[in-house]
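Residue strings, one per chain:
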Amino acid sequence: MKTLFFPLIFSAFIGVHASANNSIVVVANTDNKQIQLSRQQVRNLFMGNALPYDLEAIALPPDNQTRVLFNTRVVGLTESRIQSYWAQMRFTGRKKEPKEIGTERAILEYILHNPGSVGYLPSGISIPDGLTILYSAL
Amino acid sequence: MIIKLFQSTLIAICVSLTLTSVVYADDDGNVRFSGFARVVAGYIDEEYAEFNGYEDRVSLEQQSLFGMQADYQIIDNVSATAQVIGRTGDDNKSGIEWLYFTYAPTKALKLKLGRQRTPVFSYSDFSDVGFAYEWVSLPQQVYQQFLFPNFDGLHAQYEYVSKSTSLNFESYYGELDREFTYQGDSLDVKVSNMFGIVSTLGYESWTFRASFHQGDADVTQQELSAFSDILRNVGFTQSADSLSNEGVGRFYQLSAFYENVDYFFRSEVTRLRTELFLAPDSNGYFISGGMHFYPFSIYTSLSRDTNKYSADIAEIPIGVNAQLDQLALGYQQIVGQIGNNSTVSYSVGGRWDWKDNLAFKAQATLLKERDGYHGLFTARDEMFGGKAMFYQLALEWVF
């Protein structure tokens with residue numbers, strides 16, 4: 001048992017340590033430049049809850065590192081619990097999971113061409129004019 | 001028939017896994033197919049009793065199941081959904097669990113009309129989707145009810161998200177008419193004027209849920225009804241009434257869940273009050289906690305209940321004549337089959353999410369009847385001491 005747990009705990013620690021050097025921005029294509037979201041609102045938006053804004057969440061696929069970071073820093077759940085949550089929502093007809101787009105570049109491209117769409121990106125990425133940063137997790 | 005269906009679906013699962021392709025039909029179109037399956041192996045380490053169909057040999061045929069769902073987007077805010085489940089166990093028939101239209105006039109409001117699973121407790125409406133929770137079996141002492149599994153009617157859901165909290169309100173109204181098997185007995189369950197209200201509050205990593213559900217139930221068990229009619233015909237109306245399975249059922253529920261990337265805690269308290277002979281007044285709860293080491297999770301659970309049946313009536317005179325003695329004996333035999341009881345279970349288990357849509361689970365549970373009459377086990381021998389270890393392995397899949 002010990003031999004199994006030590007690498008796991010160690011890798012969890014490395015994961016947290018590595019994430020401290022990364023940050024996330026949540027970017028939207030919206031006319032309302034005043035929108036600023038709290039972490040809880042961003043979490044709710046990407047977990048399918050209805051915010052009082054006309055925003056459509058777009059997610060990265062499960063194996064993407066930015067998504068892993070977003071899960072840890074903003075949602076506060078592991079990927080397996082997020083998958084469990086969406087299974088619950090889908091088979092009880094409660095909520096629909098966000099559309100998934102393969103890469104950060106492709107997400108940025110999609111947001112640029114689709115008013116109302118919102119996605120999370122690594123903070124290092126250059127954000128084109130016209131898009132609004134709704135939230136940033138430093 | 002069901003086993004054959006299950007075998008063929010297992011073959012389909014294996015083929016799909018081999019191809020490692022997911023069976024989404026038409027993701028950009030109007031129809032979307034999805035599904036779930038669970039293969040659950042279990043046995044109890046006890047030769048003198050059975051538990052939910054499990055004996056002291058490994059069985060795959062109690063909880064394994066396969067579900068398919070089709071969603072059809074009719075227009076922008078109207079869709080139709082059907083979900084069919086093929087089961088292996090005896091407790092419920094295979095068939096349509098969900099068949100409804102959804103109308104979403106706004107993002108925050110959603111109305112569903114048709115057959116739906118009843119959201120009685122936190123896990124009630126997705127108890128078949130094992131992928132969605134850690135346990136192999138939901139805590140037995142809380143998730144054992146049979147009165148309100150489904151309803152045909154209207155369900156409304158409204159949500160509100162503020163800076164720091166999310167609020168969700170649900171309400172439904174409908175009826176139910178369905179055959180159901182409970183602990184080996186075939187029951188014809190009719191519930192009218194069924195309604196419920198559910199409120200859920202999300203704050204940081206906490207989720208709190210409180211709900212109330214009520215319905216006018218009429219449960220028929222053939223032999224019991226026949227005997228009750230005989231009693232009534234010969235004038236023993238109190239005895240007949242005491243075996244009645246008609247009346248109001250009320251459920252109350254409170255739960256508090258906490259979860260973050262490292263650990264989780266869940267607790268739920270439930271209370272059922274009925275006027276039915278077959279359904280006792282029950283109080284139950286579970287407490288569970290665990291840790292995540294992605295892609296692994298481990299947990300431990302405690303679950304406990306007390307069940308109180310209505311008292312029997314000593315109305316039929318004994319020693320007057322042979323026919324009355326026989327009637328009195330019959331009555332005593334029936335009421336002797338049930339009795340107040342209290343049970344507990346302690347579980348430890350783990351889950352490994354091998355892929356994003358495929359998980360393995362293991363659970364070991366000590367099941368124990370604490371005091372009073374038989375509460376958990378069936379087919380019991382005199383040698384049986386009222387407790388047994390229950391071991392389970394499961395494969396959970398969604399697609």
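Please refer to the structure higher up on the page.
Residues numbered from 1 in each chain as written. Chains lettered and ligands numbered in written order. Predicted model: local features only at pLDDT ≥ 70, side-chain atom pairs only at ≥ 80, totals over all residues.

Let's talk about the overall build of chain A
Put simply, the rule is: Put simply, DSSP H or I for four residues or longer makes a helix, DSSP E for two residues or longer makes a strand, and each gets a number counted from the N terminus. Labels follow a simple rule on C-beta atoms placed from the backbone: if 20 or more others lie within 10 Å of a residue's own, it is buried; if 12 or fewer, it is exposed; otherwise it is partly exposed. This entry defines residue contacts through backbone-placed C-beta atoms, with two residues in contact when those atoms are within 7 Å.
Secondary structure assignment for chain A yields five helices and five strands. Taken from N to C terminus, the helices and strands of chain A fall in the order α-β-α-β-α-α-β-α-β-β. Classification of the 138 residues of chain A by burial places 38% in the buried group. In chain A, the proportion of contacts linking residues at least 24 apart, taken out of those at least 6 apart, comes to 71%.

Examining helix α3 (residues 65-75) of chain A
Residues of α3 of chain A that are buried include every one of T66, R67, L69, F70, T72 and V75 of chain A, and no others. Following α3 of chain A by one or two positions, G76 of chain A has its phi on the positive side, about 80°.

Concerning the nonpolar core
Applied cut-off: The nonpolar core is taken to be a set of buried Ala, Val, Leu, Ile, Met, Phe, Trp, Tyr and Cys residues joined by way of C-beta atoms within 7 Å.
Counting 82 residues, the largest nonpolar core has V26, A87 and V118 of chain A together with F36 and F131 of chain B as the members making the most contacts within it. In terms of nonpolar packing, the next biggest core, distinct from the first, is built from nine residues, A49, Y54, L367 and F377 of chain B among them.

What about the sheet that holds strand β1 (residues 24-28) of chain A?
Residue and element names in this part refer to chain A. Defined as follows: Pairing between two strands is assigned when DSSP locates at least 2 bridges connecting them. Interaxial angle, 0 to 180 degrees, is taken between N-to-C directions of lines fitted to C-alpha atoms, where a helix line uses only the stretch in contact.
An order of β3-β2-β4-β1-β5 is seen for the five strands of this open sheet, with the pairing classed as mixed. Edge positions in the sheet fall to β3 (99-100) and β5 (132-137), since each of these pairs with one other strand and no more. By the bridge criterion, three bridges tie strand β2 (residues 56-59) to strand β4 (residues 117-122) in an arrangement that is parallel. By the bridge assignment for β4, E56 is matched with S117. Each of β1, β2 and β4 touches helix α5 (residues 104-113); the most contacted strand, β4, lies at about 150° to it.

Re the interface of chain A and chain B
Put simply, the test is: The classification used treats Ala, Val, Leu, Ile, Met, Phe, Trp, Tyr, Cys and Pro as nonpolar, Asp, Glu, Lys and Arg as charged, and all other residues, Gly among them, as polar.
Contacts between the two partners involve 25 residues from chain A and, on the opposite side, 35 residues from chain B. Secondary-structure elements contributing two or more residues to the side of chain A that touches chain B are α1 (2-19), α2 (39-46) and α4 (79-91) of chain A. Ranked by residue count, the leading element in the side of chain A that touches chain B is α4 of chain A, at nine residues. Taken together, the residues that form the side of chain A that touches chain B break down as eight nonpolar, 14 polar and three charged.

Some remarks on the pairing of strand β10 (residues 246-259) of chain B
Residue and element names in this part refer to chain B. Alignment of strand β9 (residues 206-220) against β10, held across 13 bridges, turns out to be antiparallel. By the bridge assignment, R209 is partnered in β10 with S255. Where β10 lies against strand β11 (residues 263-274), 11 bridges are found, and the strand directions are antiparallel. Looking across to β11, one finds that E259 is bridged to F264. Here β10 folds back onto β11, and the loop between the two strands holds three residues.

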